[in-house]
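Structural overview
Next come the chains, spelled out residue by residue.
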Amino acid sequence: MSKQKEFMTEAVELSRKAIEQNEGGPFGCVVVKDGKIIARGNNKVTSSNDPTAHAEVVAIREACKNLDTFQLTGCEIYTSCEPCPMCLGAIYWARPDVVYFANTRKDAADIGFDDAFIYEEIPVDPSARKLKMVHLHDDAAAEIFKAWKDKTDKIEY
């Protein structure tokens, strides 16, 4: 069995675990570095009452903790399904080298996990989104952004 197949099999088994143990939806993920699994995650949304506890987010958090870093450069992500918009954003922030996925977003939609409305909302101006969003300018918030911009000892990410 190829290493890629081995890692995907582990991600798929984690998705099985999620539903068999009633932890959440049928999603699993592993993070690999230097040919070894360094983190695992399965969906835990319903068991943790955390809508962000998707398999990819759980695995990314564990991987970053294990590597003592906030980026996953040099890592590969194997996930049982094409990442949703939230997970895709988290993956881009984590900066792995590659993402492998098994099921597609259409496959997910076919079993009740349809994220199309989020993909459609992303390019819409905040004032026109279906979820009411209101811009409240705040001078203190703007000052903090300026302080960050001017900070000489910040850790860029």
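It should be emphasised that the depicted structure is a prediction, and the values quoted were computed from it without experimental measurement.

**Focus: the overall build of the protein**
What the protein contains, in helices and strands, is seven helices and four strands. Starting at the N terminus, the α and β elements of the protein follow one another as α-β-β-α-α-β-α-β-α-α-α. Expressed along its principal axes, the backbone C-alpha trace of the protein runs to roughly 55 × 40 × 25 Å. Considering the protein as a whole, with its 157 residues, one finds that 29% of them fall into the buried category. The contacts of the protein with a sequence gap of at least 6 include a subset with a gap of at least 24, amounting to 48%. Put simply, the protein has 20 plus and 26 minus side-chain charges, and the middle of one group is 2 Å from the middle of the other.

**Brief notes about the side chain of E82**
Mapped onto the secondary structure, E82 falls in the loop between β3 (75-81) and α4 (85-94). In this structure the side chain of E82 is engaged in a polar contact, spanning 2.9 Å, whose partner is the backbone nitrogen of R105. Apart from the residues lying within four places of it in its own chain, the contact partners of E82 are F101, N103, T104 and R105.

**Observations concerning the nonpolar core**
With 16 residues, the main nonpolar core has C29, V31, I60, A63, L72 and I77 as its most contacted residues. Put simply, the parts of the chain that give this core at least two residues each are β1 (28-33), α3 (55-67), β3 and α4. Judged by nonpolar contacts, the second largest core, of seven residues, contains F7, A11, L14 and V30.

**Focus on the pattern of salt bridges**
This model, assessed by the stated rule, comprises seven salt bridges. With its nearest N and O atoms 2.8 Å apart, the salt bridge here joins E10 to R40. One end of the pair, E10, is in helix α1 (residues 3-20); the other, R40, is in strand β2 (residues 36-42), with 30 residues separating them in the sequence.

**Describing the side chain of E121**
When you line up the elements, E121 lands in helix α6 (residues 116-121). Setting aside its immediate chain neighbours within four residues, E121 contacts R129, K130 and L131.

**Some words on the pairing of β3**
Of all seven residues making up β3, six are buried, and the element is well covered by its neighbours. Bridging between β1 and β3 involves five bridges; their strand directions are antiparallel. Residue pairing across strands places V31 opposite I77, the latter belonging to β3. Inspection of the sheet shows β3 paired to strand β4 (residues 98-103) by five bridges, in the parallel sense. Paired with I77 across the bridge in β4 is V99.

**Considerations on the layout of surface pockets**
A volume near 360 Å³ is recorded for the largest pocket. Among the elements that line the lining of the largest pocket, the one with the most residues is helix α5 (residues 105-110), at four residues. Classifying every residue of the lining of the largest pocket gives 13 nonpolar, five polar and six charged. Taken as a whole, the second largest pocket encloses approximately 280 Å³ of empty space. Together, 14 residues line the second largest pocket, and F117, I118, E121, I122 and L131 are the ones closest to its centre. Listed by contribution, the elements that provide at least two residues to the lining of the second largest pocket are α4 and α6. Ranked by residues supplied to the lining of the second largest pocket, first place goes to α6 with three residues. For the lining of the second largest pocket, the per-class residue count stands at nine nonpolar, one polar and four charged.

Cut-off values and rules
- Residues numbered from 1 in each chain as written.
- Predicted model: local features only at pLDDT ≥ 70, side-chain atom pairs only at ≥ 80, totals over all residues.
- Heavy atoms only, no water.
- Helix = DSSP H or I, 4+ residues; strand = E, 2+ residues; numbered from the N terminus.
- Buried < 20%, exposed > 50% of the residue type's maximum accessible area, 1.4 Å probe, protein only.
- Contact = heavy atoms within 4.5 Å.
- Lys, Arg positive; Asp, Glu negative; His and termini not counted.
- Charge placed at Lys NZ, Arg CZ, Asp CG, Glu CD.
- Polar contact = N/O pair within 3.5 Å; in protein donor to acceptor, adjacent residues only side chain to side chain.
- Core = buried A, V, L, I, M, F, W, Y, C linked by side-chain atoms within 4.5 Å.
- Salt bridge = Lys/Arg side-chain N within 4 Å of Asp/Glu carboxyl O.
- Pairing = 2+ DSSP bridges.
- 1 Å grid on protein atoms, 1.4 Å probe; cavity = no way out; pocket = protein on both sides within 12 Å on 5 of 7 lines; lining within 4 Å.
- Points joined across faces, edges and corners; volume = space filled by probe spheres on them.
- Nonpolar A, V, L, I, M, F, W, Y, C, P; charged D, E, K, R; others polar.

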